[in-house]
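Structure assessment
Spelled out, the chains give:
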Amino acid sequence: MARRLPLVLLPATVLCCPAVAQAQAQMPASLYWAATLHGWVAAMLALMATVIGLVSGRHPRERPANFLVGMMLSWVVLRAAAAPGAAGLKPLLMTLLVLCAVQYLLRQMSWQRGWLDHALLIQCLVVPASLLLPGGQVGLLGVAWYVVLELELIAAMGWALWLRRRHLRADPDAAQAREFRLMALLLLPAMAALLAEMLLAAVSESLWLTASPWLTLALPLLTLALGLQLVSGVAHARVDAERRVAATEQRMADRVAEVERVHGQLAEQKLEQVTERERKRIAADLHDDLGAKLLTIVHTSESDRISTLAREALEEMRLSVRGLTGRPVHLIDALGDWRAEVVSRLGQANILAEWKSPAEDVEHTLQARSYVQTTRILRESVSNIIKHSGATHATISSAVQAGDFILTIQDNGQGIPAELDGRLDRGHGMASMKSRAKQMHGQCLVESGPGWGTVIRLTIPL
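As a starting point, this report considers the structure included with it.

Reading guide: rules and limits
Think of each chain on its own: its residues are numbered from 1, step by step along the sequence as written. Totals for whole chains, interfaces and linings use all residues, but because this is a predicted model, local features are given only for residues with pLDDT of at least 70 and pairs of side-chain atoms are given and counted only at 80 or more. Hydrogen atoms and water are omitted, and side-chain values are computed over all heavy atoms in the structure. Basic side-chain nitrogens of Lys or Arg form a salt bridge, by our definition, when they fall within 4 Å of a carboxyl oxygen of Asp or Glu. Note on conventions: DSSP H or I runs of at least 4 residues are helices, E runs of at least 2 residues are strands, and numbering of each starts at the N terminus. Buried, partly exposed and exposed residues are distinguished by accessible area as a fraction of the type maximum, computed with a 1.4 Å probe on protein chains only: under 20%, between the cut-offs, and over 50%, respectively. We call a set of buried residues a nonpolar core when its members are Ala, Val, Leu, Ile, Met, Phe, Trp, Tyr or Cys and they connect through side-chain atoms within 4.5 Å of each other. Working rule for contacts: check all heavy atoms of both residues, and any pair within 4.5 Å makes them a contact. Strand pairing requires that DSSP identify at least two bridges connecting the strands. Within 6.5 Å between ring centres, the rings of Phe, Tyr and Trp (the latter by its six-membered ring) count as paired, and their orientation is classed by plane angle as stacked under 30 degrees, edge-to-face over 60, tilted in between. For helices, the fitted line uses only the C-alpha atoms of the stretch in contact; every axis is such a line through C-alpha atoms, and the angle between N-to-C directions lies from 0 to 180 degrees. In this analysis, a patch consists of residues with relative accessible area above 30% that form no salt bridge, clustered at 9 Å for like charges and at 5 Å for the nonpolar side chains Val, Leu, Ile, Met, Phe, Trp and Tyr. Only the protein chains shown count as cover for residues, with accessible areas throughout obtained via the Shrake-Rupley method and a probe of 1.4 Å.

**A few points about the pattern of salt bridges**
Taken as a whole and judged by the stated rule, the model has 5 salt bridges. Here Arg238 ties to Glu242 by a salt bridge, and the two come within 3.2 Å at their closest N and O atoms. Note that Arg238 and Glu242 are positioned in helix α10 (residues 218-300) at a spacing of 4 residues, about one turn of the helix. Arg238 sits in the exposed class, given a relative accessible area of 56%. A salt bridge links Arg261 to Glu258, with the shortest nitrogen-to-oxygen separation between them at 2.5 Å. With Arg261 and Glu258 both in helix α10, this residue pair falls 3 residues apart, about one helical turn. On the basis of relative accessibility, which here comes to 42%, the residue Arg261 falls in the partly exposed class.

Written as structure tokens, this is what we have:
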């Protein structure tokens, strides 16, 4: 029992002792491969410790990873400390390894106690001092300390696993369950290997000498896996941070677009307010100044033609003023005004006018500009009937369908002359009528043919 050195001492002795170079030929194959594997693991741990040290130095939140670095370096140096001149470093390195392992495992679970920190620091002083006494490392005291250190590692692993399980019960989400399964996969084999090493050391020295080189790989492999887990976590955190930055930039872009949209709306509202005030001012000037002068001409002119032209100009001016004021017009009132004007004008030209109102009462309204443009289209249509069609009868019908106002003017005249080659928008003010309909987001369709009259269909949205 006194010759048994648990934990990592035997593989280190096998690989680093000067006698190894002379006895490799006689070394059992399993022991040789175990020693070789220890060398590879030590190299990987040294490299991993360098990487994690750089990561923890750059990221303050990863400072607990320094304990993992200490755990790795302690094992690497402990493996290399099998030379006779470095035997005094083994107890200190073993206690440092245990201190770093316990602190890292528990701090990863946010479990930290002051008394535990002090106890581990005191142990780092007491254990080496007691083992440096004559016969300490090979006597019962040395074996007892090795057993205590292994039990501390096993207890720390079990406690960390229990804390992870408690967190899973408090927050049973997929991420917590995945973390628990990973920790169990890493810690349980390492705990089993440490326990098996202790049992073999107590039962059979030959079995222990055969299995210990492989069992002691559990701790460095666990350390290497924890390092890979830490590096993977940092990489995932980087990806999550980039994703959050991208999401933040997208939200900022959306916010900027929203601000620009609101700013554009405010600018449009301001422009509309200024335009509305200017329209009202122009309408007032027309009504008060030009309207008064035209009315004076109507009542004082000795020429009937001048009086008629002044009256027509006064009506057109009043229509323009009505459009500038911007007040909506009830469709039923507009139909009444249009009917009175159309029937009167056609009657004066000896043309029978038939007016067909909507089949049911309408409660819709027309925007002021729509009312003005529709009135001018209707006047232009009536003027064409009177001047060019030669008709004796005209039918004007209106309807409201699917949110649109439809006005149809049909006569029984001679139609559009054939010399226009079917280009209906080039004569009788057709282009002006279609342009006005387009300004109201509607359309004005003209159908005509010699001998069967002309049909003008105006459709505008309400």
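**Some details on the nonpolar core**
In terms of nonpolar packing, the biggest core is built from 58 residues, with Ile52, Leu68, Met157 and Leu187 touching the most fellow members. Counting only elements with at least two residues in this core, the list comes to α3 (29-58), α4 (65-80), α5 (90-107), α6 (114-131), α7 (140-170), α8 (174-203) and α10. At 11 residues, α5 tops the list of elements feeding residues into this core. Aside from chain neighbours lying at most four places away, what touches Leu68 is Ile52, Tyr104, Thr223, Leu226, Gly227 and Leu230.

**Considering the pairing of strand β5 (residues 404-411)**
For β5, the tally of buried residues reaches 6 of 8 residues, placing the bulk of the element in the interior. Bridge analysis of strand β4 (residues 393-401) against β5 gives 8 bridges, and the strand direction is antiparallel. By the bridge assignment, Ile396 is partnered in β5 with Ile409. In textbook terms, the turn of a hairpin is the stretch between consecutive antiparallel strands, and for β4 and β5 this stretch comprises 2 residues, one of which, Ala402, has a positive phi near 50 degrees. Direction of pairing for β5 relative to strand β7 (residues 453-461): antiparallel, over a ladder of 7 bridges. Directly across from Gln410, in β7, lies its bridge partner Val455.

**Observations regarding the packing of aromatic side chains**
Inspection of every chain in the model, using the stated rule, returns 4 aromatic pairs. Both rings, one in Trp159 and one in Trp162, keep their centres 5.0 Å apart while their planes meet at 20 degrees; by these two values the pair is stacked. Taken together, the residues Trp159 and Trp162, both in helix α7 and 3 residues apart, mark about one turn of the helix. For Trp159, a relative accessible area of 34% gives the class partly exposed. One aromatic cluster is present, built from ring pairs that chain together Trp111, Trp159 and Trp162.

**Describing the sheet that holds strand β2 (residues 352-356)**
Pairing within the open sheet is mixed, and its 5 strands lie in the order β2-β4-β5-β7-β6. The open sheet has two free edges, formed respectively by β2 and β6 (443-449), since each of these has just one partner strand. Going from strand to strand, the sheet's axes swing by 10 degrees on average, the running direction of each strand aside. Of the pairings in the sheet, the one linking β6 to β7 comprises 7 bridges and is antiparallel in character.

**Re a nonpolar patch on the surface**
Together, Tyr32, Trp33, Leu37, Trp40, Met44 and Trp214 give the surface a local cluster of nonpolar side chains, amounting to about 670 Å² of exposed area. In terms of residue count, α3 provides more of the nonpolar patch than any other element does, 5 residues in total. With respect to the helices and strands, the residue Trp40 is situated in helix α3. Given a relative accessible area of 59%, Trp40 falls into the exposed group.

Note that every value here comes from positions in space, so none of it alone points to a role or purpose.
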